[in-house]
Amino acid sequence: MKIHEFQAKQILKQFGVRIPRGEVADTPMRAREIAEDIGPRVVVKAQIHAGGRGKGGGVKLANTPVEAEMLAGEILGMTLVTHQTGPEGKLVKRILVEEALDIDRELYIGIVIDRATESPVVMASSQGGMEIEKVAAETPDLIFKEYIHPATGFGVFQARKLAFKLELSGDTLKQAVKFLLTLYKAFRASDASLAEINPLLVTKQGDVLALDAKMNFDDNALKRHPDIAKMRDLDEEDSLEVEASKFDLNYIKLDGSVGCMVNGAGLAMATMDIIMHSGGMPANFLDVGGGVSEEAVKNAFRILVSDKDVKAALINIFGGIVRCDLVANGIVKAAQELELDIPIVVRLEGTNVEQGKQILENSGLAFYSASSMKEAAEKIVPLAAQ
Ligand code: ADP
Ligand code: MG
């Protein structure tokens, strides 16, 4: 799960990570009040689940509270396009109004779980600011890493090593070491999968603060963190993915035109591969899982075809735990209710496959049937291209 910058900063603050003073606002008037309180110079920052806001015009400096009100008026309600939002952009509903600080250096700190070493890794770079992806691609030597043994935790010596590599000294070095240790504590205690501070600010006065903050969390651990779970902003997520999650269905939106309903992640991958191999592109895939009910199949199908990019749908089910007749009944009911006008190719295999095929045939609906995955893919691709 992703959260907004202002929410990440709230969490970090609870753990003692230093952040600038600031408050969130959803009207220009409120932005002005906050600026009067903490300003006069403030930064007005669009709150969306995407980075690159600075370059996209979503982070602006205001010298007076009146200017803060004016800039808030411009940013609130705008559709902000950044390199992370895609061309359609994201609507800005809230802004963070934060004290403007004097920047001496902008550093980078990121903590993620490293799959190769099966441990958290703390990354630091002196090249913070707005283009860390470029640094990683072109000059990876400028990103320093410390791997953390899960049993012993993040050692003070490791934090000091990183701070030295950032060429910090004196009190600034001490503050950076404390910052790193508290940031890791927050990462670990909140079951985060990512904690990224870009930039980590060194002020002209030598203080160290998080100027930006991004945190993602392990969905499977959210039960342990009801306060964090409450921070979920459904407006920032794909509406069909949200709808599918209500029924415990795994739905992923993709860029092509073939809708895919499958059971099991492995079959989903194989189905997408064979569609692409046959020259098509999946528009999405919906994994109905193992022990699915007829009702769930119906919902899955409804969600699948309400994606406007779907020009044809492929249903590829292997009846292991789930029975093909049950799936067929769900499909027929959904198709009758929805008055479908797109072509559907169905490939069923496994338990009760004959009954399943019979149900589809008896329904009188025009399904295309296929007996192998290859045949199904070869049928669906031209149908989706029409
Ligand atoms: P994004 O990563 O989405 O572009 P950031 O929060 O990193 O957004 O802000 C972009 C840039 O704006 C920062 O690199 C920094 O130079 C400047 N900035 C952000 N917040 C402040 C602040 N409170 N005071 C001064 N400058 C800021
Ligand atoms: Mg940033």
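Predicted model only: the values in this text are computed from it and were never measured.

Student: Tell me about the coordination of the magnesium ion (ligand 2), and name the residues and values.
Tutor: Every protein donor of the magnesium ion (ligand 2) is accounted for by N198 (O) and D212 (OD), and the metal-donor separations fall at 2.1 to 2.2 Å. Residue N198 is located in strand β10 (residues 192-203), and its partner D212 is located in the loop between β11 (208-210) and β12 (214-217); the two are separated by 14 residues in the primary sequence.

Student: Can you break down helix α13 (residues 353-362) residue by residue, with the values?
Tutor: For α13, every residue scored as buried is listed here: V353, G356 and L360. Projected down its long axis, α13 shows its buried positions confined to an angular sector of 60°, all on one face. In α13, those exposed residues whose orientation departs by more than 90 degrees from the buried face are E354, E361 and N362. Looking at the buried residues of α13, the elements they touch are α12 (324-338), β17 (344-350) and β18 (367-369). Just downstream of α13 lies G364, where phi reads positive at about 80°.

Student: Which residues make up the domain arrangement of the chain, and what are the values?
Tutor: As far as domains go, the chain holds domain 1 (1-20 + 102-237), domain 2 (21-100) and domain 3 (238-385). Taking the mean C-alpha position of each, domain 2 and domain 3 sit 43 Å from one another.

Student: Lay out the sheet that holds strand β2 (residues 42-46) in plain terms, naming residues and giving numbers.
Tutor: What the four strands build is an open sheet, ordered β1-β6-β2-β3; its pairing is antiparallel. In this open sheet, the two edge strands, each paired with only one partner strand, are β1 (22-25) and β3 (59-62). Averaged over all adjacent pairs, the angle separating strand axes in this sheet is 20°, with direction ignored. Inspection of the sheet shows β2 paired to β3 by four bridges, in the antiparallel sense. Each bridged residue has a counterpart across the sheet, and for V42 the counterpart in β3 is A62. Helix α4 (residues 65-75) rests against β2, β3 and β6 (95-99) of the sheet, and its axis sits at about 160° to β3.

Student: Could you give an account of helix α14 (residues 373-385), with specific residues and numbers?
Tutor: Across its 13 residues, α14 extends 18 Å between first and last C-alpha, which sits within 8% of the 18 Å expected from 1.5 Å per residue. All of the buried residues along α14 are M373, A376, A377, I380, V381, L383 and A384. In the core, the buried residues of α14 are packed alongside β14 (258-262), α10 (265-277), β16 (312-319), β17 and β18.

Student: So what's going on with the site of ligand 1? Residues and values would help.
Tutor: Near ligand 1, the surroundings consist of 17 residues, among which K45, R53, G54, E98 and E106 are the closest. In this structure, a nitrogen atom belonging to ligand 1 sits 2.9 Å away from a side-chain N or O atom of E98. Here an oxygen atom of ligand 1 and a backbone polar atom of N198 are 3.2 Å apart. Here ligand 1, which alone exposes 540 Å², has 90% of that area covered by the protein. Elements supplying a minimum of two residues to the shell around ligand 1: β2, α3 (53-56), β6, β7 (103-114) and β10. Taken together, the residues of the shell around ligand 1 break down into seven nonpolar, four polar and six charged. Each of domain 1 (1-20 + 102-237) and domain 2 (21-100) accounts for three or more of the residues forming the shell around ligand 1.

Student: Account for the nonpolar core, naming residues and giving values.
Tutor: I109, I197 and M215 are the most contacted members of the largest nonpolar core, which totals 42 residues. Only α1 (5-14), β7, β8 (119-125), α6 (156-165), α7 (170-189), β10, β11 and β12 provide two or more residues apiece to this core. A total of nine residues in this core trace back to one element, the largest contributor, which is α7. Setting aside its immediate chain neighbours within four residues, I109 contacts V122, M123, A124, L166, L180, L183, A195, E196, I197 and L200.

Student: Break down the pattern of salt bridges for me, with residues and values.
Tutor: Tallying each qualifying case throughout the model produces 32 salt bridges. A salt bridge links R21 to E99, with the nearest nitrogen and oxygen atoms 3.8 Å apart. In this pair, R21 is assigned in the loop between α1 and β1 and E99 in strand β6, connecting sequence segments 78 residues apart. Here E243 and R302 are joined by a salt bridge, their closest N and O atoms 3.2 Å apart.

Rules used throughout
Residues numbered from 1 in each chain as written. Chains lettered and ligands numbered in written order. Predicted model: local features only at pLDDT ≥ 70, side-chain atom pairs only at ≥ 80, totals over all residues. Heavy atoms only, no water. Donors = N, O, S within 2.8 Å, 3.2 Å for Na, K, Ca; no water. Helix = DSSP H or I, 4+ residues; strand = E, 2+ residues; numbered from the N terminus. Buried < 20%, exposed > 50% of the residue type's maximum accessible area, 1.4 Å probe, protein only. Arc of directions from axis to C-beta. Contact = heavy atoms within 4.5 Å. Domains from an automatic or database assignment. Pairing = 2+ DSSP bridges. Axes fitted to C-alpha atoms, helices over the stretch in contact; angles between N-to-C directions. Expected span 1.5 Å × (residues − 1). Near = heavy atom within 4 Å. Polar contact = N/O pair within 3.5 Å; in protein donor to acceptor, adjacent residues only side chain to side chain. Areas by Shrake-Rupley, 256 points an atom, 1.4 Å probe, with all protein chains shown as cover. Nonpolar A, V, L, I, M, F, W, Y, C, P; charged D, E, K, R; others polar. Core = buried A, V, L, I, M, F, W, Y, C linked by side-chain atoms within 4.5 Å. Salt bridge = Lys/Arg side-chain N within 4 Å of Asp/Glu carboxyl O.

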